[in-house]
Amino acid sequence: MLLELLFCFIATVSFGVIFNVPNKAAVLGGGIGVITWVIYRVLPEYDVTIIFATAVAAFVSASIAHFLARRYRLPGTIFSIPGIIPLLPGSKAYFTMLAFVDGNYLLGLEHGIETMLQAGAIAAGLIFALSIFSFGKGIGQRYETSR
Amino acid sequence: MRRSDKMMDICLLAGEIMLTYGAETYRVEETLERMARAAHFKNVHSFVTTTGIFLSFEEEGIGDTMQMIRVDDRMQDLNKVSLVNQVSRQFVSGEIDEDEAYDRLVMIEKAPMNYPVWVIHFASGLAGGGFSYLFGGGVRDVFPAFIAGIIASISVVKFQEYLKVKFFAEFMAAFLGGATAIGLVFFGIGQNLDQVIIGTLMPLVPGIPLMNAVRDLMSGDLVAGVSRGAEATITSLSIATGVALAIGLFL
């Protein structure tokens, strides 16, 4: 597990470098990535589904990212992109592709749906965190009740 | 030169840098509107999509000014976005005047990347190695994924430089990275081929378009959000096709 965290930190910081974020933000982003990975790995051991664990991890990392963005006065994406990266369903997407190449369409659809669900869970976590940090400022309204 | 022309240049330059290097649509719109308001223009409106910026404002007693620019390139350099953000914040709070803001923006536009390109290649290798371990590979799979990640990163940069076609560069990078991974595993360096290939492809993932698509859709910029999502989808598909070709040819 410790080796896993070390690799996660290195990989997340490298992603910060790939996206050219400022130096200090790259290291902080690595920290967010490690927290994300811990949540994503620990929750399934308490009988939580992987999809829900992904959503919780995305929510926590996006919240930390918003907090740090306020604190250091930098755009929020600088922290949230490296933080989200470890959750991306890269391996499921790869097995989807592999199954389709083999002509095994049913297995491909199965993996494909899992990929989509995990991507959706990430989006859900991000949106929930964003909504909490936008209370009062408002993003999109449904009824004009104050008139 | 009228004052509104000058302010228009400053705003559009700031917007162009931000949009090119990967800022979200809402951030560009908000920055432009704040800067124009801070320069005491009325009736400020900006409309930003993934590929263009429209900005209009009214100068008291003279009339409306409206201009649009087309933004062709979309690159990954979040450091420039944060620098422009800082300039606009200082301009709005009155710390710097229009000339200084313009000079600083031109400097940001001409500045090289925050990290030299070999550091980015090296980081792609590290990311590839790290993710091959995280996605269930062993310690012995880290090294081949590192090498293949570097190859993929170098080829995406080089193909982009010579051919100037983004999606084809990503396709070829995925193909060459996948071929390198298959070759290294074939010669006994690394055990789990699947994990090595996954690690190799991770640095090519379109992280900024994906993130911005979610953010834009959420904040109501539907046109920009959908188009960013389409860009991310096409990039993912070209990566998948590239590696599928490598697997089909060599396995």
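Now for a description of the structure that goes with this document. (Residues numbered from 1 in each chain as written. Chains lettered and ligands numbered in written order. Predicted model: local features only at pLDDT ≥ 70, side-chain atom pairs only at ≥ 80, totals over all residues. Heavy atoms only, no water.)

**Some details on the pairing of strand β3 (residues 63-70) of chain B**
Residue and element names in this part refer to chain B. Put simply, the test is: Strands pair, by our definition, only if DSSP identifies at least two bridges between them. Helix and strand definitions here come from DSSP, where helices need a minimum of 4 consecutive H or I residues and strands a minimum of 2 consecutive E residues; each element is numbered from the N-terminal end.
As paired strands, strand β2 (residues 52-59) and β3 are joined by 8 bridges and run antiparallel to one another. In the strand pairing of β3, Glu 59 is matched with Gly 63. Hairpin remark: β2 followed by β3, antiparallel, with 3 residues in the connecting loop; positive phi at Gly 61, about 85 degrees.

**Description of the interface of chain B and chain A**
Selection rule: Contacts are residue-level and defined by heavy atoms, with any inter-residue pair within 4.5 Å sufficient. A quick way to say it: buried area is the sum, across both parts, of accessible area lost when two parts are put together, with a 1.4 Å probe. Salt bridges are defined as contacts in which a side-chain nitrogen from Lys or Arg sits within 4 Å of a carboxyl oxygen from Asp or Glu. Definition of a polar contact: a pair of N or O atoms within 3.5 Å, with one able to donate and the other able to accept a hydrogen when the atoms are protein atoms, and with sequence-neighbouring residues admitted only if both atoms are side-chain atoms. For this classification, Asp, Glu, Lys and Arg are treated as charged, while Ala, Val, Leu, Ile, Met, Phe, Trp, Tyr, Cys and Pro are nonpolar and the rest, including Gly, are polar.
Across the contact, 45 residues belong to chain B and 43 residues belong to chain A. Where chain B abuts chain A, roughly 4000 Å² becomes buried across the two surfaces, and 76% of that area is made up of carbon and sulfur atoms. The interface formed by chain B and chain A contains 0 salt bridges. Run the count over chain B and chain A and you get 11 residue pairs in polar contact (both at pLDDT 80 or more). Contributions of two or more residues to the side of chain B that touches chain A are made by α3 (78-92), α5 (117-134), α8 (193-201), α9 (207-218) and α10 (222-250) of chain B. If one sorts the elements of the side of chain B that touches chain A by residue count, α5 of chain B sits on top with 10 residues. Looking at the side of chain B that touches chain A residue by residue, the classes come out as 29 nonpolar, 10 polar and 6 charged.

**A short note on α9 of chain B**
In plain terms, the rule: Between the first and last residue of a helix there are one fewer steps than residues, each counted as 1.5 Å, and that sum is the expected span. Burial classes follow relative accessibility: with a 1.4 Å probe on protein chains only, a residue under 20% of its type's maximum area counts as buried, one over 50% as exposed, and anything between as partly exposed.
The end-to-end C-alpha separation of α9 of chain B is 17 Å, in line with the 16 Å expected for 12 residues at 1.5 Å each. Of all 12 residues making up α9 of chain B, 9 are buried, and the element is well covered by its neighbours. At its buried positions, α9 of chain B is contacted by α4 (77-84) and α6 (105-133) of chain A together with α2 (25-38), α3 and α10 of chain B. Gly 220 of chain B sits one or two positions beyond α9 of chain B and adopts a positive phi of about 90 degrees.

**A look at the sheet that holds β3 of chain B**
Residues and elements named next belong to chain B. Where we set the bar: Lines are fitted to the C-alpha atoms to define the axes, a helix being fitted only along its stretch in contact, and any angle between axes, read from their N-to-C directions, falls within 0 to 180 degrees.
Pairing in this open sheet of 3 strands is antiparallel, and the strands run β1-β2-β3 from one edge to the other. Edge positions in the sheet fall to β1 (42-49) and β3, since each has one partner strand and no second. Averaged over all adjacent pairs, the angle separating strand axes in this sheet is 10 degrees, with direction ignored. Pairing analysis gives 6 bridges linking β1 to β2, with the strands arranged antiparallel. Pairing of Thr 49 across the sheet is with Gly 52, part of β2. Across the sheet, helix α1 (residues 3-20) touches β1, β2 and β3, and the angle it forms with β2 is around 155 degrees.

**Considerations on the side chain of Ser 46 of chain B**
Residue and element names in this part refer to chain B. Mapped onto the fold, Ser 46 is located in strand β1. Engagement of the side chain of Ser 46 in a polar contact is seen with the backbone oxygen of Glu 29, the distance being 3.4 Å. Not counting residues up to four positions away in its chain, the partners in contact with Ser 46 are Glu 29, Leu 32, Glu 33, Phe 54 and Leu 55.

**Section: the pattern of salt bridges**
Residues and elements named next belong to chain B. Summed over the entire model, instances satisfying the criterion amount to 13 salt bridges over all chains. Arg 3 is paired through a salt bridge with Glu 98; the nearest N and O atoms lie 3.5 Å apart. With a gap of 95 residues between them, Arg 3 in helix α1 and Glu 98 in helix α4 (residues 98-110) connect regions that are remote in the sequence. Since its relative accessible area comes to 16%, Glu 98 is described here as buried. Here Glu 170 makes a salt bridge to Lys 166, at a shortest N to O gap of 3.9 Å. A residue pair is termed a helical-turn pair when its members lie 3 or 4 positions apart in one helix, as Glu 170 and Lys 166 do in helix α7 (residues 166-186) at 4 residues. Using a relative accessible area of 25% as the deciding quantity, one classes Lys 166 as partly exposed. Several salt bridges converge on common partners, so that one network encompasses Arg 74, Lys 166, Glu 170 and Glu 231.

**Some thoughts on the packing of aromatic side chains**
Put simply, the test is: For Phe, Tyr and Trp, where Trp contributes only its six-membered ring, two rings pair if their centres lie within 6.5 Å, and the inter-plane angle classes them as stacked under 30 degrees, edge-to-face over 60, or tilted in between. By definition, being over a ring means that NZ of Lys or CZ of Arg is both within 6 Å of the ring centre and within 35 degrees of the ring normal.
Per the counting criterion, the structure on display carries 14 aromatic pairs over all chains. A ring pair is formed by Tyr 94 of chain A and Phe 95 of chain A, whose centres lie 5.5 Å apart and whose planes are at 65 degrees; its orientation type is edge-to-face. Accessibility expressed as a relative area gives 5% for Tyr 94 of chain A, which makes it buried. Sitting over the face of the ring of Tyr 72 of chain A, Arg 71 of chain A holds its NZ or CZ atom 5.4 Å from the ring centroid. A cation over an aromatic ring shows up here: Arg 215 of chain B above the ring of Tyr 26 of chain B, its NZ or CZ 3.9 Å from the ring centre.

**Let's talk about the environment of Asp 73 of chain B**
In this fold, Asp 73 of chain B is placed in the loop between β3 and α3. Expressed as a C-alpha distance, the spacing of Asp 73 of chain B and Glu 170 of chain B, which sit 97 residues apart in the sequence, is 15 Å.

**A short note on the environment of Asp 221 of chain B**
With respect to the element layout, Asp 221 of chain B can be found in the loop between α9 and α10. Those residues in contact with Asp 221 of chain B that sit more than four places away from it in its chain are Thr 25, Tyr 26, Glu 29 and Asp 216 of chain B.

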